[in-house]
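# Reading the structure
Now for the letters of each chain:
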Amino acid sequence: MSKSHDPWQDAMDHAVAVARKSGEMIREVVQNQDQSSLVQTKSSAVDLVTETDQKVERLIIQSVKSKFPSHRFIGEESVSSGEPCILTSDPTWIIDPIDGTTNFVHRYPFVGVCIGFAVNQQVEWGVVYSAIEDKMFTARRGRGAFCNGRPLQVSTQTDVHRSMVATEFGSDRDPQVVDKIFSSLHKVLSLPVHGVRGAGSAALNMCAVARGSVELYYETGVHVWDIAAASVIVTEAGGVLRDTTGGALDLMSRRIVAANNETIATRIIAELEVYSSERDDRAPDCEPE
Ligand SMILES: O=P(O)(O)O[C@H]1[C@H](O)[C@@H](O)[C@H](O)[C@@H](O)[C@@H]1O
Ligand SMILES: [Mg+2]
Ligand SMILES: [Mg+2]
């Protein structure tokens, strides 16, 4: 299709360019500033945000508004400041300016700029830029997934005992939640699997599934901005997406499983404790689930 008949390609090209520019900003700070003194907290004492998160999100949104004025946004730090988190059928940019803020603060080199794009509530393309590694992960629905232009393919492994699994400890330190996290981790580790890893970034864990170095990533407590961009990178690399309940992925549910195939997904899901965090799109005054 020519560019004029492919309205979303121009948007995706813009996302790649602004993600790369954002990555330059992030590297500049990591190399030249000590972020630890500029850290603020959000939902818990370990849910961190910095002025760089906010500056990067403003940069992305302002650049998009000038080119695509009718498009909508769901941005992590905008939602944190009170913007609604509702995915309509309108073209919507779903942005996590820094996925892995805790890594960023500690100069741990796994930090992803995440830009997903949804139309009619379906993710059309995703861009995840691993800024410190300089790896640009991209995928367009129906057209494959790539890292720095090289095609991505998930692992062909079907034996869970030969698999690598990724997960995160999240930002919720409620003792009951911590118990559920460790209960799942204990069951998965004891299968046994070859190993359990965590990049400190939901999106980069999902990109590790897409590139075939991890068979499955799961987490409860993620947000739509953590996973939207990487969701299409996983599926376009041949992977599958599920809820930790085994059902279909619901981007707003705060639960995700991203796997190389159904066999591994089903086997690991059988070991997971299912619990819920408040949905991203909950009405402000509704009771938590
Ligand atoms: O770094 P952010 O964008 O806040 O996202 C991370 C979140 O803070 C953690 O709680 C999750 O465990 C990670 O998976 C997210 O990447
Ligand atoms: Mg995030
Ligand atoms: Mg973030």
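Reference entry: report on the structure contained in this document. (Residues numbered from 1 in each chain as written. Chains lettered and ligands numbered in written order. Predicted model: local features only at pLDDT ≥ 70, side-chain atom pairs only at ≥ 80, totals over all residues. Heavy atoms only, no water.)

## Topic: the site of ligand 1
Here is the rule: The cutoff for a nearby residue is simple: one of its non-hydrogen atoms must lie within 4 Å of the molecule or strand. Polar contacts, as counted here, are pairs of nitrogen or oxygen atoms within 3.5 Å of one another; within protein the pair requires one atom able to donate a hydrogen and one able to accept it, and residues that are adjacent in sequence qualify only if both atoms are side-chain atoms. The method behind every accessible area is Shrake-Rupley, applied with a 1.4 Å probe, and residues are considered shielded solely by the protein chains displayed. Elements are defined by DSSP. Helices are runs of H or I of four residues or more, strands are runs of E of two residues or more, and each kind is numbered from the N terminus. For this classification, Asp, Glu, Lys and Arg are treated as charged, while Ala, Val, Leu, Ile, Met, Phe, Trp, Tyr, Cys and Pro are nonpolar and the rest, including Gly, are polar. Note that the domain bounds reflect an automated or database-derived domain assignment.
The full set close to ligand 1 counts 13 residues, and Asp99, Gly100, Thr101, Ser171 and Glu219 are the nearest of them. In this structure, an oxygen atom belonging to ligand 1 sits 3.0 Å away from a main-chain N or O atom of Ile98. The separation between an oxygen atom of ligand 1 and a polar side-chain atom of Asp226 is 3.2 Å. When isolated, ligand 1 has an accessible area of 380 Å², and the protein chains bury 89% of it. No other element matches the three residues that strand 4 (residues 92–99) contributes to the shell around ligand 1. Residue composition of the shell around ligand 1, grouped by class: two nonpolar, five polar and six charged. Split by domain, the shell around ligand 1 shows at least three residues from each of two domains, domain 1 (3–151) and domain 2 (160–269).

## Remarks on the environment of Asp226
To keep things clear, this is the line we draw: Residue contacts are counted whenever heavy atoms from the two residues lie within 4.5 Å of one another.
Examined against the element boundaries, Asp226 turns out to sit in helix 7 (residues 224–236). Sequence-wise, Asp226 and Gln9 are 217 residues apart; in three dimensions their C-alpha atoms are separated by 22 Å. Other than its neighbours up to four places away in sequence, Asp226 contacts Asp96, Asp99, Ala202 and Ala203. One polar contact links the side chain of Asp226 to the main-chain amide nitrogen of His223, over a distance of 2.8 Å.

## Considering the packing of aromatic side chains
Going by this rule: What counts as a ring pair is set by centres within 6.5 Å for rings of Phe, Tyr and Trp (its six-membered ring), and what kind of pair is set by the plane angle: stacked under 30 degrees, edge-to-face over 60, tilted for all other angles. The cut-offs for exposure are 20% and 50% of the maximum accessible area for each residue type, with area from a 1.4 Å probe on protein chains only; residues under the lower value are buried, those over the upper are exposed, and the others partly exposed. Working rule: Lys NZ or Arg CZ, within 6 Å of ring centre, within 35 degrees of ring normal, means a charge sits over the ring.
Going through the model one piece at a time under the given rule, you end up with seven aromatic pairs. Here Trp93 and Phe117 contribute two aromatic rings whose centre-to-centre distance is 5.5 Å and whose plane-to-plane angle is 75°, an arrangement assigned as edge-to-face. Linking Trp93 in strand 4 with Phe117 in strand 5 (residues 112–119), this pair joins segments that are 24 residues apart in sequence. By relative accessible area, Trp93 is classed as buried at 0%. Residues Phe169 and Phe182 carry aromatic rings whose centres are separated by 5.5 Å and whose planes lie at 10° to one another, so their mutual orientation is stacked. Pair noted here: Phe169 is in the loop between strand 10 (164–167) and helix 5 (175–189) and Phe182 is in helix 5, with a separation of 13 residues, a long-range link. Through pairs of rings, three or more aromatic residues link up here, namely Trp8, Phe68, Trp93, Phe117 and Trp125. Note that Arg20 overlies the ring of Tyr129, its terminal NZ or CZ placed 5.5 Å from the centroid.

Keep in mind that these numbers describe shape and distance, not what the molecule does.
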